[in-house]
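# Residue-level structure breakdown
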Amino acid sequence: MSDFFRRFQSQQAPGINLHNKVSFIFLLIFFLSSLNGIAQSDRRLQKLFDEAKQFLGQQDYEQAIERGMRILARDSTFLGAHLLLADIYHDNNNTTLEIFHLQKARQFSKMPLILLRLGNAYLSVGEYEKGLDAFQIYSETGQIPTGTKSEVNRKIESCRFALNAIKNPVEFKPERLPDAVNSEFDEYWPSLSIDQRQLIFTRLIKAPGRQPQEDFYISENLNEGWKEAQAMAEINTPENEGAHALSADGKILFFTACNRRDSEGSCDIYYSVSRGDKWSIPVNAGTSINSPYWEAQPSISSDGRYLYFSSNRPGGKGMRDIWRAENLGFDQNGKFKWGKPMNLGDSINTPGNETSPFIHAGNQDFYFASDYHIGMGGFDLFVSTLSDDSIFSGPQNLGFPINTHNDEQGLHISADGLTAYFSSGRDSISGLDIYSFAVDESIRPHPATYARASVFDSETGNSVQAQIELVDLVNPGEKRVESTNIQGKLLLSLPTGKNYSFSVSKEGYLFYSNTFNLEDIRKIHNPYELDIRLKPVKAGAEMNLYNIYFETDSFRILPESGAELQKLVEFLRTNPNLTVEVQGHTDNTGSSERNKILSEKRAHSVVGYLVQNGIQKERLQWAGYGEKHPVADNETLDGRRQNRRTTIKILGD
């Protein structure tokens, strides 16, 4: 685990992981108080024991261990010394020696709480059968405190789950990314743009005589592979940066920073915006996101609508919960505005800790880490399915060997759902490195693709900063509106499983219309690369509309045409002096005469819709051209789709 992760763990909310420690300290105090009379039989041992307790209270573990070992050298059955040493080794993460002294203590006492401590210790190192036995025997004693029973049952379930998971492993063959990304230092917390061309990660630089320094590095994946990673100088500071998320288009980096002058609490979320080849000075995400408490580990949805993060703020379900806040656009100072953060609820959050949120590009699959849901021990990775924009299914453990008895955090999965990226210390020479692996089908997210659009003036070739609208054809209320940058470029995520209308508009131009057919969620689509040339509004200009749909062999307009037709109404209202011809076109299926009649009736239906929505009839003409003017090859399905279109021709202004 990296120093950055350790710092996050050390800044837990009050009470984190106290159950094991409090139980054991209670056990220790109980025994120590009851053993004083026994120890009186040997005043030398009693003196050493009193000294050991004093050193333990001062956290001088070296001296406490020395006294404890001297006691056991004289009397190996001294129960208090074994318990004291087990507590010290627990504090210092030496589970092997903790188990050794607990086993010794168990030989000399049948106190049930020793079994609980043994079960916890076995679970923490992945000795699930021994842990299960200890928990079950403890449970059968009938001496479990009321508040502990459910916790013990949960750990029994975890041991059983782990044993079954090991027998039924998921596919997991991690491959280390090349040396252009990984180095002799630790690299971790990978985050990629949706097109997988940009990888940002944290690198822990260690230099003699200096404190370890955590900074961001970025690498680009070109045709020849990953380029040598470069430090992100505009964002990096003498302090530490980490636990970050890159927006789908690679233009905004959200990240965690602690103890800065402008912070609201111990750790806050910040963001920086890419402007060309430079990143802006990081800005605190604001008081809607950040609080006097701990906020960290952001994840931004691919449509930019929600920011997910982990926090120990009041009002949660446990110690650290996952929250999300809606992006409400920008304020008058050009900074993000956020809605009130909402807790993700009981399906995700527990009385324990939930961290490392990751919302996949398809916006349907949510991954996170938890130390409380049934799992292998420590922090496990889970996935939950998001439906109706706010309902999370019960989480599914990602399985063994992705999850182990160690802590697993910081997972990123590619848009197509096929490849995951994570950090691992499996190479003892290079420390923590970034790896990738093929995602097992049982835990694979719904795939997504993307469209990379470049918008130009059709006459001058100059870039155009335009508005892009993406509408779900089945649920027109699900609409995304975004803008290209000043270079006329935009990368737009496209979750599969739906069909979308896609339009590009700019005042003074005809709008561009297209369709993305992504209804078959089982098919991984190639990304769309769109060069869109907007035509200035003037007589003779034409625009083809592909999102006006009719019943088969009919001129009845289908409901999913509403978004496109309303776009046309808006265009005509914005340009009140224009007169236009509405043209109907078909593919070559059927007879030419029938196609001509059908196309004319369809054009007339569109005119009727426009009139019903307030466009003066005098401004509108219509004509049907059948299959006479194809724009694509009728020999292909997509070609025939393009030929079945409605065209708007400007007649005059």
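First things first, this report covers the structure right here in the doc. (Residues numbered from 1 in each chain as written. Predicted model: local features only at pLDDT ≥ 70, side-chain atom pairs only at ≥ 80, totals over all residues. Heavy atoms only, no water.)

## Quick notes on the state of the cysteines
The full count for this structure, using the stated rule, is 1 disulfide. Here C258 engages in a disulfide with C267; their sulfurs sit 1.9 Å apart. In this structure, the disulfide formed by C258 and C267 twists by about 95° around the S-S bond and is classed as right-handed. Classification of C267 as buried rests on a relative accessible area of 0%. (Disulfide = S-S within 2.5 Å. Buried < 20%, exposed > 50% of the residue type's maximum accessible area, 1.4 Å probe, protein only.)

## Here's the deal with the pairing of strand β24 (residues 431-438)
Within β24, 6 of the 8 residues are buried, which leaves the element mostly enclosed by the surrounding structure. Strand direction decides the pairing type here: strand β1 (residues 175-176) and β24, joined by 2 bridges, are antiparallel. Counted as the bridge partner of R176 is Y435 from β24. (Helix = DSSP H or I, 4+ residues; strand = E, 2+ residues; numbered from the N terminus. Pairing = 2+ DSSP bridges.)

## Observations concerning the environment of Q59
Counting through the fold element by element, Q59 comes out in the loop between α3 (43-57) and α4 (61-74). A residue is classified by how much of its surface remains accessible, and Q59, at 57% relative accessible area, is exposed. Residues Q59 and K227 lie 168 residues apart in sequence; the distance between their C-alpha atoms is 48 Å.

## Some remarks on the sheet that holds strand β32 (residues 542-545)
Sheet strands associate in pairs through backbone hydrogen bonding, adopting either a parallel or an antiparallel arrangement. Taken in spatial order, the 4 strands line up as β32-β35-β33-β34 in an open sheet, and their pairing is mixed. In this open sheet, the two edge strands, each paired with only one partner strand, are β32 and β34 (620-624). Mean inter-strand twist for the sheet, computed between neighbouring axes without regard to direction, equals 25°. Both strand β33 (residues 579-584) and β34 contribute to a ladder of 5 bridges, which runs parallel. Bridging from a neighbouring strand, E581 pairs with Q621 of β34. Seen against the sheet, helix α11 (residues 592-612) touches β33, β34 and β35 (646-652) and runs at an angle of roughly 160° to β34. (Axes fitted to C-alpha atoms, helices over the stretch in contact; angles between N-to-C directions. Contact = heavy atoms within 4.5 Å.)

## Digging into the sheet that holds strand β31 (residues 528-534)
Spatial strand order, β28-β25-β31: 3 strands in an open sheet with mixed pairing. The open sheet has two edge strands, β28 (489-495) and β31, and neither has a second partner. Sheet twist, expressed as the average angle between the axes of neighbouring strands with direction ignored, equals 25°. Looking at chain direction, strand β25 (residues 448-457) and β28 are connected through 7 bridges and run antiparallel.

## Details of the nonpolar core
One finds M543, L568, F571, L572, V606 and L610 to be the most contacted residues of the largest nonpolar core, which totals 25 residues. Mapped by element, the contributors of at least two residues to this core are β32, α10 (562-574), β33, α11 and β35. Here L568 is in contact with F511, M543, L545, V606, L610 and I648, once residues within four sequence places are set aside. One finds A451, V455, I468 and Y509 within the second-largest nonpolar core, a separate group that totals 19 residues. (Core = buried A, V, L, I, M, F, W, Y, C linked by side-chain atoms within 4.5 Å.)

## A short note on the packing of aromatic side chains
With the rule as written, the count across this model stands at 24 aromatic pairs. Taken together, a centroid distance of 5.9 Å and an interplanar angle of 45° make the contact between F254 and Y271 tilted. A residue pair is termed long-range when its members are at least 10 positions apart, and F254 in strand β8 (residues 252-258) and Y271 in strand β9 (residues 267-275) qualify at 17 residues. Here the two residues F254 and Y271 agree in accessibility, since each one is buried. Between F330 and F336 the ring centres are 4.8 Å apart and the planes differ by 25°, which places this aromatic pair in the stacked class. Classification of F336 by relative accessible area gives buried; the value is 9%. Each member of the aromatic cluster is reached from another via a ring pair, and the members are Y306, Y308, F366, F368, F382 and F392. The side chain of R260 reaches across the aromatic face of Y270, ending 5.2 Å from its centre. Between R324 and the ring centre of Y306, over which it is positioned, the NZ or CZ distance is 3.7 Å. (Phe/Tyr/Trp six-rings, centres within 6.5 Å; stacked < 30°, edge-to-face > 60°. Lys NZ or Arg CZ within 6 Å of the ring centre and 35° of its normal.)

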